[in-house]
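# Structural characterization, general
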Amino acid sequence: MDRRSIVKSAGLAGVLAAGVAPAVHAQQTVRWRLASSFPRSLDTIFGSAEMLSKTVKELSGGKFEISVHPAGELMPAFGVVDALQGDNIEMAQSAAYYFTGKDPVFAFSCAVPFGLTARQNVAWKQYGDGGKLLDDFFAQYNFRTASAGNTGTQMGGWYRKEIKTVQDLKGLKMRMGGGVFGEGMAKLGVVAQNLPAGDVYQALEKGTLDAAEFVGPHDDAKLGFNKVAPFYYYPGWWEGGADLEFFVNLKKYNALSNENKAILDAAMAVAATDMTAKYDTYNPIALKKLVAAKTQLKAFPKAVIDAGFKACMEVFAEHEAKSPTFKKIHQSMRAFQRDQILWNRFSEFPFNQYMNGVKI
């Protein structure tokens, strides 16, 4: 097995345990810049970019460094894809569904309504067709992707009023990630707004937004949404497992030495695992604090979720009729999902259902 294979398969811990050090002595120092779509205050998401930078530097003995820049420092939060296309940066960290205005296919790389969970997403991309199909698509934008970490199933967002029926959604001005979800919600009368995370608090406070969804308790509390919207709904059926991603400029990646490619690939895997572990650790702690601070935690009525499902399935069908690429990727994801749901009926679902009903 060559060095690159070892690093890719084992990650940082495996490399160190095996005593395999990347050969960096003959290489010139490489300096890259990463532009994030997220603020520095989000220690989960932006922290993934920082973990990437730290790991790359350590694995390369300081011969490969990546400086990380929060949204607005090098460019606006949603300017990263254009910057990659123009070869202005080496990397970005973002959520692919922010860019569905370019093509709805972008959404599949992050999350679509009633889509894959975190584990299913990883499996589809690594051992199903997902990764290859998406990288073939993104090549036209001059980048390839790797997970920066998955949030897990998200919350349904913050609302200034209660959502008791589907009628309560009509005219609601809501910040959301966009893409298929935004189109589906529009069918229910919601006015979708795609704002960077750092701009949402002020919009909710002023009333120019009626609702906002972002991620979950840990991030939402850091952004202060509970101070300006009292009702916190669950589940986020539009993000069963949102994959944040590193976008890597194809020309810059292909110009790297084999050793540095292996280092970057391994470091991205380390950062992705770290982010997901943080969410699983911090979200329950944050949720308890939010409830103690009088946040009104509420489940979406089933009729609202059912209406969302119907509307989003209509949107999927509309895009399939217009785009062969959309249809191919969507059908690949759903076929994979059907097998996962079948297996889940005999594995995690009954186990979790039992554990939710006993005292430990």
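### Some thoughts on the environment of Ile 163
Its place among the elements puts Ile 163 in the loop between β5 (157–159) and β6 (173–175). Taking the C-alpha atoms as reference points, Ile 163 and Val 304, 141 residues apart in sequence, are found 8.5 Å from one another. Ignoring any residue separated from it by four or fewer positions in sequence, one finds Ile 163 in contact with Asp 168, Leu 169, Leu 172, Tyr 233, Pro 301 and Val 304.

### Quick look at helix α10 (residues 258–292)
Across its 35 residues, α10 extends 52 Å between first and last C-alpha, which sits within 8% of the 51 Å expected from 1.5 Å per residue. The largest bend in α10 comes to about 30°, at Tyr 282, with the proline Pro 284 one to four residues further on. Phi turns positive, to about 80°, at Lys 294, one or two residues after α10.

### Concerning the sheet that holds strand β3 (residues 91–94)
Taking strand neighbours across the sheet as the criterion, the five strands line up as β2-β1-β3-β10-β4 in an open arrangement whose pairing is mixed. Where the open sheet ends on each side, the last strands, each with one partner, are β2 (64–69) and β4 (143–150). Taking each pair of neighbouring strands and ignoring which way they run, the sheet shows an average axis angle of 25°. By the bridge criterion, six bridges tie strand β1 (residues 30–36) to β2 in an arrangement that is parallel. Directly across from Arg 33, in β2, lies its bridge partner Ser 67. The strands touched by helix α2 (residues 45–59) are β1, β2, β3, β4 and β10 (243–249); relative to β2, the strand with the most contacts, the crossing angle is about 165°.

### Focus on the packing of aromatic side chains
Within this structure, the stated rule accounts for 29 aromatic pairs. Between Trp 158 and Tyr 232, the ring centres sit 3.7 Å apart and the planes meet at 15°, which makes this aromatic pair stacked. Taken together, the positions of Trp 158 in strand β5 and Tyr 232 in strand β9 (residues 231–234) put the pair 74 residues apart, joining distant regions of the chain. Pair check on accessibility: Trp 158 and Tyr 232 agree, each one buried. Of the aromatic side chains, those joined through ring pairs into one cluster are Phe 38, Phe 78, Tyr 97, Tyr 98, Phe 99, Phe 106, Phe 137, Phe 138, Tyr 141, Phe 143 and Phe 247. Of note, Arg 144 hangs over the ring of Tyr 253, and the distance from its end group to the ring centre comes to 4.1 Å. Here the guanidinium or amino end of Arg 334 rests over the ring plane of Phe 316, the centre of that ring lying 4.9 Å away.

### Side note on the pattern of salt bridges
Tallied over the entire structure, the rule returns 19 salt bridges. Between Asp 82 and Lys 102 there is a salt bridge, with the nearest N and O atoms lying 2.7 Å from each other. Taken as a pair, Asp 82 in helix α3 (residues 80–85) and Lys 102 in the loop between β3 and α4 (118–127) lie far apart in primary sequence, 20 residues in all. Among the residues examined, Lys 102 registers a relative accessible area of 36% and is labelled partly exposed.

### Focus: the environment of Ala 293
Counting through the fold element by element, Ala 293 comes out in the loop between α10 and β11 (296–299). The partly exposed category is assigned to Ala 293, whose relative accessible area is 48%. Along the primary structure Ala 293 and Lys 227 are separated by 66 residues, whereas in three dimensions their C-alpha atoms are 9.7 Å apart.

### Description of the side chain of His 69
With respect to the element layout, His 69 can be found in strand β2. In this structure His 69 comes out as buried when scored by relative accessible area, which is 13%. Ignoring any residue separated from it by four or fewer positions in sequence, one finds His 69 in contact with Arg 33, Leu 34, Ala 35, Ser 36, Phe 46 and Leu 74.

### Digging into the environment of Phe 46
Looking at where Phe 46 falls in the secondary structure, it is placed in helix α2. Given the relative accessible area of 0%, Phe 46 is considered buried. As for Phe 46 and Phe 231, which are separated by 185 residues in sequence, their C-alpha atoms are 26 Å apart. Discounting residues that sit within four places of it in the chain, Phe 46 has contacts with Ser 36, Phe 38, Pro 39, Arg 40, Val 68, His 69, Pro 70 and Gln 93.

About the criteria used
- Residues numbered from 1 in each chain as written.
- Predicted model: local features only at pLDDT ≥ 70, side-chain atom pairs only at ≥ 80, totals over all residues.
- Heavy atoms only, no water.
- Helix = DSSP H or I, 4+ residues; strand = E, 2+ residues; numbered from the N terminus.
- Contact = heavy atoms within 4.5 Å.
- Expected span 1.5 Å × (residues − 1).
- Bend = angle between axes of the 7 residues up to and from the residue.
- Pairing = 2+ DSSP bridges.
- Axes fitted to C-alpha atoms, helices over the stretch in contact; angles between N-to-C directions.
- Phe/Tyr/Trp six-rings, centres within 6.5 Å; stacked < 30°, edge-to-face > 60°.
- Buried < 20%, exposed > 50% of the residue type's maximum accessible area, 1.4 Å probe, protein only.
- Lys NZ or Arg CZ within 6 Å of the ring centre and 35° of its normal.
- Salt bridge = Lys/Arg side-chain N within 4 Å of Asp/Glu carboxyl O.

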